[in-house]
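Coordinates in review
Each chain, written out:
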Amino acid sequence: MTIAATIAAPQAQLDDIWSTAKRAAALFALLFLAACQSVIPKGGQAPDGPPPVESPDPGNVVLSDGDRHRVALLLPVSGADGDVGQSIANATTLALLDTRNTNIRMTTYDTALGVDAAVKKAVADGNKLILGPLRSDDVLAVANVAKPAGVPMISFSNDVGSAGPNVFLLGHLPSQSIDRVVKYAKAQGYTRFGGIVPKSVYGQRALSNMTNSVRAAGGALVSVQEIDGSTVSIDAAAKKLNAAGVIDAVLIADNGRVAIATVPALRKAGLSSAKVLGTDLWNIDASVAANPMLRGAWFASVSDAMFRQYADKYRARFGRAPSRLSSLGYDSVLLVARVAQSWKVGTRFPVNRLTDPDGFIGIDGAFRFAANGMSERMLEVQEVQAGKYVTVDAAPRGFAPAK
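A brief structural summary.

Looking at the packing of helix α8 (residues 231-243) against helix α9 (residues 256-269)
- Their axes nearest at 8 Å, the elements α8 and α9 cross at an angle of 45°. When the axis of α8 is compared with that of α9, the two are oblique. Two packed elements cross with a definite hand, and for α8 against α9 that hand is right-handed. Contact with α8, carried on its side by Ile 234, Asp 235, Ala 238, Lys 239, Leu 241 and Asn 242, involves Ala 261, Thr 262, Ala 265, Leu 266 and Ala 269 of α9 and no other residues of that element.
- A class-by-class count of the residues in the contact of α8 with α9 yields 7 nonpolar, 2 polar and 2 charged.

If you want it as structure tokens, here you go:
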């Protein structure tokens, strides 16, 4: 499918279609047809940053600040995470252009040069909403300044420990990925589960998630082993899993690099026929699909169907492939553009609109927020095949009633 330079739809269509997640999905598909990647490393910070960078007005339309909503984009656009941050920033610009939005002024503040300085500047500049930050260890610092000022945040982090009132997580939550793939495996006849998790806060949460998911699915959790990522640790964990009893499925709750190192160890230890399961971390690592040892493994993730079309469009505009995580930036703008239709300029962002039980739609599919700041997404199960991921169980078409 070919994607042209812009995506547009009449505002009346948006009002009629975006009322439910199902209708929103239809709109997003029509937009693309008409026009035809926690896990972030920690890093240092300096006390001051460069002047904020304002995104250009779509169509070169010149508007005064009194005509536009001020939205801050807090991202590392330099330093170790600069490539990912810049890719997300580019995606927000692309979304503003695609929707031909003229009532949002998006300004980027570089958190790599000082997250405290960035958020203080963003609040002082009068921004009513913050998109970001990216790294989980920056969320608290931003919230400490933004919340007292009454400025809500939609963070790109997936660290559930940072969610809360006025702090919403747009990042893909590992717990949902684990639950989806475990339930799918159980439905396919796999009943006795083992697990490999890292020795970290993420690993402890993954262990808890897996325990709850296996129990809810009616399976048996035979053993879960922690690793530090070293070859010695992985080999020892594999041997302990094999000695624990019969296991027919092993979930590796870690990134692609660790998965590639772990599967040979599992086979060598005696788990030669166990089905390998993974999380959505694998979807941002092309090396997983390229590795023969992981062929046939399953993991749950957001759908890649829309992302592939978006990636072509991004590449045509910016001259390089987007980060898989950049879809979060694009989707955040679609969400804000939707809410901005009934948001009076100069007033506080209507946070209550974010918890619409019908949800929203974006490149990564349907999603919605709970009042506690957590997001819920529709995930599909993908299988690793030679050089690609293939959907073996499509994402559900709609949300269950909110609890």
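From this point, the narrative continues.
Focus on the pairing of strand β15 (residues 380-385)
- Summarising burial for β15: 5 of the 6 residues are buried, a large majority.
- Across 4 bridges, the pairing between strand β11 (residues 298-301) and β15 is antiparallel. Of the residues in β15, the one forming a bridge with Trp 298 is Glu 383.
- With 5 bridges joining them, β15 and strand β16 (residues 388-393) adopt antiparallel strand pairing. Counted as the bridge partner of Glu 383 is Val 390 from β16.
- Hairpin connection between β15 and β16: a loop of 2 residues separates the two successive antiparallel strands, and Gly 387 in this loop has a positive phi of roughly 75°.

Considering the pattern of salt bridges
- Evaluated as defined, the whole model comprises 12 salt bridges.
- A salt bridge links Arg 135 to Asp 81; the nearest nitrogen and oxygen atoms lie 3.4 Å apart. In this pair, Arg 135 is assigned in the loop between β4 (129-131) and α5 (136-146) and Asp 81 in the loop between β2 (69-75) and α3 (82-98), connecting sequence segments 54 residues apart.
- Relative accessible area serves as the criterion here: at 8%, Asp 81 is assigned to the buried category.
- Among the charged side chains, a network of salt bridges with common partners joins Asp 81, Arg 135, Asp 137 and Asp 138.

Here's the deal with the packing of aromatic side chains
- Evaluated as defined, the whole model comprises 12 aromatic pairs.
- Between Tyr 190 and Trp 298, the aromatic rings sit 5.7 Å apart at their centres with planes inclined by 85°, giving edge-to-face as the arrangement. In this pair, Tyr 190 is assigned in the loop between α6 (174-187) and β7 (192-198) and Trp 298 in strand β11, connecting sequence segments 108 residues apart.
- Of the residues examined, Trp 298 reaches a relative accessible area of 7% and is grouped as buried.
- Summarising the aromatic geometry, the rings of Phe 367 and Phe 369 are spaced 5.9 Å apart at their centres and angled 75° between planes, so their arrangement reads as edge-to-face. As far as the burial class goes, Phe 367 and Phe 369 line up, both buried.
- It is Lys 275 that lies over the ring of Trp 298; its NZ or CZ is 4.1 Å from the centre.
- The positively charged end of Arg 324 is found above the aromatic ring belonging to Phe 307, 4.1 Å away from the centroid.

Observations regarding the side chain of Arg 135
- Judged by relative accessible area, which is 4%, Arg 135 ranks as buried.
- A polar contact is formed between the side chain of Arg 135 and the side chain of Asp 81, at a distance of 3.4 Å.

Re the sheet that holds strand β12 (residues 360-362)
- Pairing within the open sheet is antiparallel, and its 3 strands lie in the order β12-β13-β14. Each of the sheet's edge strands pairs with one partner strand only, and the pair in question is β12 and β14 (375-377). Strand-to-strand twist of the sheet, defined as the mean angle between neighbouring strand axes without regard to direction, takes the value 35°.
- Helix α12 (residues 327-340) rests against β12, β13 (365-369) and β14 of the sheet, and its axis sits at about 140° to β12.

What to know about the pairing of β11
- Alternating positions in β11 separate into two faces, Trp 298 and Ala 300 on one and Phe 299 and Ser 301 on the other, with burial throughout.
- Looking at chain direction, strand β10 (residues 275-278) and β11 are connected through 2 bridges and run parallel. Looking at β11, one finds that Leu 277 is bridged to Trp 298.

Points about unusual backbone geometry
- The omega torsion across Gly 132 and Pro 133 is 0°, close enough to zero to call that bond cis.
- Here Pro 133 shows up in the loop between β4 and α5.
- Within the chain, Asn 166 stands out as a residue other than glycine whose phi angle is a positive 70°.
- Examined against the element boundaries, Asn 166 turns out to sit in the loop between β5 (153-155) and β6 (167-169).
- The exposure class assigned to Asn 166 is partly exposed, which follows from its relative accessible area of 25%.

Some thoughts on the side chain of Glu 380
- Within the secondary structure, Glu 380 is located in strand β15.
- Nearest to the buried, unbridged Glu 380 among oppositely charged side chains is Arg 308, at 6.7 Å.
- At 3.1 Å, the side chain of Glu 380 and the side chain of Gln 382 are in polar contact.
- The contacts of Glu 380, once residues within four sequence positions are left out, are Arg 180, Phe 299, Ala 300, Ser 301, Val 302, Ser 303, Asp 304, Thr 391, Asp 393, Ala 394 and Ala 395.

Some details on helix α11 (residues 305-318)
- The terminal C-alpha atoms of α11, which comprises 14 residues, lie 20 Å apart, in line with the 20 Å expected from a rise of 1.5 Å per residue.
- Within α11, the full set of buried residues consists of Met 306, Phe 307, Gln 309, Tyr 310, Ala 311, Lys 313 and Tyr 314.
- Of the residues flanking the end of α11, it is Gly 319, one or two places downstream, whose phi is positive at about 80°.

Examining the packing of helix α4 (residues 115-124) against α5
- Close contact between α4 and α5 brings their axes to 9 Å; oriented N to C, the two are set at 35°. Crossing handedness for the pair α4 and α5: right-handed. On the side of α4, the interface is formed by Val 115, Asp 116, Val 119, Lys 120 and Val 123, while α5 contributes Asp 138, Ala 141, Val 142, Val 145 and Ala 146.
- When the residues that make up the contact of α4 with α5 are grouped by side-chain class, the tally is 7 nonpolar, no polar and 3 charged.

Definitions and limits used
- Residues numbered from 1 in each chain as written.
- Predicted model: local features only at pLDDT ≥ 70, side-chain atom pairs only at ≥ 80, totals over all residues.
- Heavy atoms only, no water.
- Axes fitted to C-alpha atoms, helices over the stretch in contact; angles between N-to-C directions.
- Helix = DSSP H or I, 4+ residues; strand = E, 2+ residues; numbered from the N terminus.
- Parallel < 35°, antiparallel > 145°, perpendicular 65-115°, else oblique.
- Left-handed = near helix turned anticlockwise from the far one by under 90°.
- Contact = heavy atoms within 4.5 Å.
- Nonpolar A, V, L, I, M, F, W, Y, C, P; charged D, E, K, R; others polar.
- Buried < 20%, exposed > 50% of the residue type's maximum accessible area, 1.4 Å probe, protein only.
- Pairing = 2+ DSSP bridges.
- Salt bridge = Lys/Arg side-chain N within 4 Å of Asp/Glu carboxyl O.
- Phe/Tyr/Trp six-rings, centres within 6.5 Å; stacked < 30°, edge-to-face > 60°.
- Lys NZ or Arg CZ within 6 Å of the ring centre and 35° of its normal.
- Polar contact = N/O pair within 3.5 Å; in protein donor to acceptor, adjacent residues only side chain to side chain.
- Lys, Arg positive; Asp, Glu negative; His and termini not counted.
- Expected span 1.5 Å × (residues − 1).

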